[in-house]
Amino acid sequence: MFRRTVATVINEQASLNLAAEILGHTDPKVTVEHYIRRNEHVNPLTAELLDAAFAPDMQDEGVGRGDPIFLDSPVRWEISSSYA
């Protein structure tokens, strides 16, 4: 459990290659397949947009494709270093 936590945090904060090096893996694929935990969080804006576009119950209420979506607060987009 500790190795997975360390690998995941280092991957998110620094890089996959550093996580692999610290764990002693010569191939980062091993680190990804066995130690890195996927980020399962969904951006709230993404969820709202997908619900508005595809959820049948929302389309019945008049919200669907092409309808504007207004948010109460601005969304700050960040690109994780693991995707760069």
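Residues numbered from 1 in each chain as written. Predicted model: local features only at pLDDT ≥ 70, side-chain atom pairs only at ≥ 80, totals over all residues. Heavy atoms only, no water.

**Student:** Tell me about the overall build of the chain, and please be specific about residues and values.
**Tutor:** Looking only at helices and strands, the chain has 5 helices and 0 strands in total. Going from N to C terminus, the chain has its helices and strands arranged as α-α-α-α-α. Residues classed as buried in the chain amount to 18% of the 84 residues present. A separation threshold of at least 6 residues defines the contact pool for the chain, and within that pool the share at least 24 residues apart is 39%. With an accessible surface of roughly 6900 Å², the chain has 55% of that area assigned to carbon and sulfur atoms. (Helix = DSSP H or I, 4+ residues; strand = E, 2+ residues; numbered from the N terminus. Buried < 20%, exposed > 50% of the residue type's maximum accessible area, 1.4 Å probe, protein only. Contact = heavy atoms within 4.5 Å. Areas by Shrake-Rupley, 256 points an atom, 1.4 Å probe, with all protein chains shown as cover.)

**Student:** Give a detailed account of the packing of helix 1 (residues 2–13) against helix 2 (residues 16–23), specifying residues and quantitative values.
**Tutor:** Taken N-terminus to C-terminus, the directions of helix 1 and helix 2 make an angle of 150°; their axes are 7 Å apart at the nearest point. In terms of axis orientation, helix 1 runs roughly antiparallel to helix 2. Along this stretch, helix 1 crosses helix 2, giving a crossing that reads as right-handed. Together, Arg 3, Ala 7, Ile 10 and Asn 11 of helix 1 and Leu 16, Leu 18, Ala 19, Ile 22 and Leu 23 of helix 2 make up the contact between the two elements. Here the residues of the contact of helix 1 with helix 2 sort into 7 nonpolar, 1 polar and 1 charged. (Axes fitted to C-alpha atoms, helices over the stretch in contact; angles between N-to-C directions. Parallel < 35°, antiparallel > 145°, perpendicular 65-115°, else oblique. Left-handed = near helix turned anticlockwise from the far one by under 90°. Nonpolar A, V, L, I, M, F, W, Y, C, P; charged D, E, K, R; others polar.)

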